[in-house]
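A structural walkthrough
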Amino acid sequence: MGELFGAVVGFPGVVFTSALAVVVCFWLLVAVGVTRTDCFDEDADLDAVGLGGVPVSVAASLFTLVGWAAGVAGSAATARAGLTGMAHAAVDLGLLLASACLGWGVTGVLVLARARLSSGTSDSSTLDLLGSVCTVRTAGVSADSGQAEVATREGAVVVVEVRQDPSARTAALTRGSAAVLYAYDASGAHFWAAPAAVRLTPGQHPPRAHEHPRERSSAGHDWPCADCA
């Protein structure tokens, strides 16, 4: 028990122990409604490190938890080796680096698995998403990359691959933007998205264009009313 406690509060375990304490406090605040899980998404871009597609808080929590477990286990194991001096310091630094790399690797695998699971919907379910409003979760959407969250008709939230036509004269889609999924490219397994004219609840379909009221002419025919002054 003493070795385990020493590994938790000693270097390098204490680095991840401190981070884990912050993570626990954050999720307690989320549980009581003080903050949201996506509150950091507009301030950090995890695509550059291969962890995009999930909220920053989720990726950081997974990274911290895995790194903490690896660091504590490694510290407890090396403590029994009886190393001292420079050898002990070198092993501690190597363990810190290895724990961080393991945390990043495991988090990346879990994020990728979640993305594949979310996108593994049937063709009919995929086509059902056409016309839905999604929320962009990556730093931006281009003709080559981009991801967004959208709610299915069953109420589940899935992550889909989205692209924006660079030739279209529309505003750029950035993180948090609302967009409409207007077409699906089966060969590329992605949706084409365009900025939503109005902000709707994710998964809600945009309203249909109102038909022009008709009035009957003196000749007895129905004619659409002209929208002119």
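**Section: the nonpolar core**
- Among the nonpolar cores identified, the biggest contains 14 residues, and Leu 129, Val 150, Val 160, Val 162 and Leu 181 are the most heavily contacted of them.
- When contributions to this core are tallied by element, the ones reaching two or more residues are strand S1 (133–136), strand S2 (147–151), strand S3 (157–163), strand S4 (178–185) and strand S5 (190–195).
- A per-element tally of this core places S3 first, with three residues.

**Overview of the layout of surface pockets**
- Of the pockets and cavities examined, the second largest pocket occupies roughly 160 Å³.
- Along its surface, the second largest pocket is lined by 13 residues, and Asp 47, Leu 51, Gly 52, Thr 138 and Gln 147 are the ones closest to its centre.
- The dominant element in the lining of the second largest pocket, judged by the number of residues it contributes, is helix H4 (residues 85–119), at four residues.
- For the lining of the second largest pocket, a count of residues per class yields four nonpolar, eight polar and one charged.

**What about the pairing of S4?**
- Bridge analysis of S1 against S4 gives three bridges, and the strand direction is antiparallel. What sits directly across from Val 133, in S4, is Val 180.
- Pairing of S4 with S5, which is carried by six bridges, proceeds in the antiparallel orientation. Residue Tyr 184 lies in a different strand from S5, and its bridge partner there is Phe 191.
- Counting the residues between successive antiparallel strands, the hairpin from S4 to S5 contains four residues, one of them, Ala 189, with a positive phi of roughly 55 degrees.

**Quick notes on helix H2 (residues 13–31)**
- An ideal rise of 1.5 Å per residue puts 27 Å on 19 residues; H2 measures up with 27 Å between its terminal C-alpha atoms.
- Gly 13, Phe 16, Leu 20, Val 23, Phe 26 and Val 30 are the residues of H2 that are buried. One side of H2 holds all its buried residues, which, seen down the axis, span an arc of 140 degrees. In H2, the exposed residues that point more than 90 degrees away from the buried face are Val 22 and Leu 28.

Rules used throughout
- Residues numbered from 1 in each chain as written.
- Predicted model: local features only at pLDDT ≥ 70, side-chain atom pairs only at ≥ 80, totals over all residues.
- Heavy atoms only, no water.
- Core = buried A, V, L, I, M, F, W, Y, C linked by side-chain atoms within 4.5 Å.
- Buried < 20%, exposed > 50% of the residue type's maximum accessible area, 1.4 Å probe, protein only.
- Helix = DSSP H or I, 4+ residues; strand = E, 2+ residues; numbered from the N terminus.
- 1 Å grid on protein atoms, 1.4 Å probe; cavity = no way out; pocket = protein on both sides within 12 Å on 5 of 7 lines; lining within 4 Å.
- Points joined across faces, edges and corners; volume = space filled by probe spheres on them.
- Nonpolar A, V, L, I, M, F, W, Y, C, P; charged D, E, K, R; others polar.
- Pairing = 2+ DSSP bridges.
- Expected span 1.5 Å × (residues − 1).
- Arc of directions from axis to C-beta.

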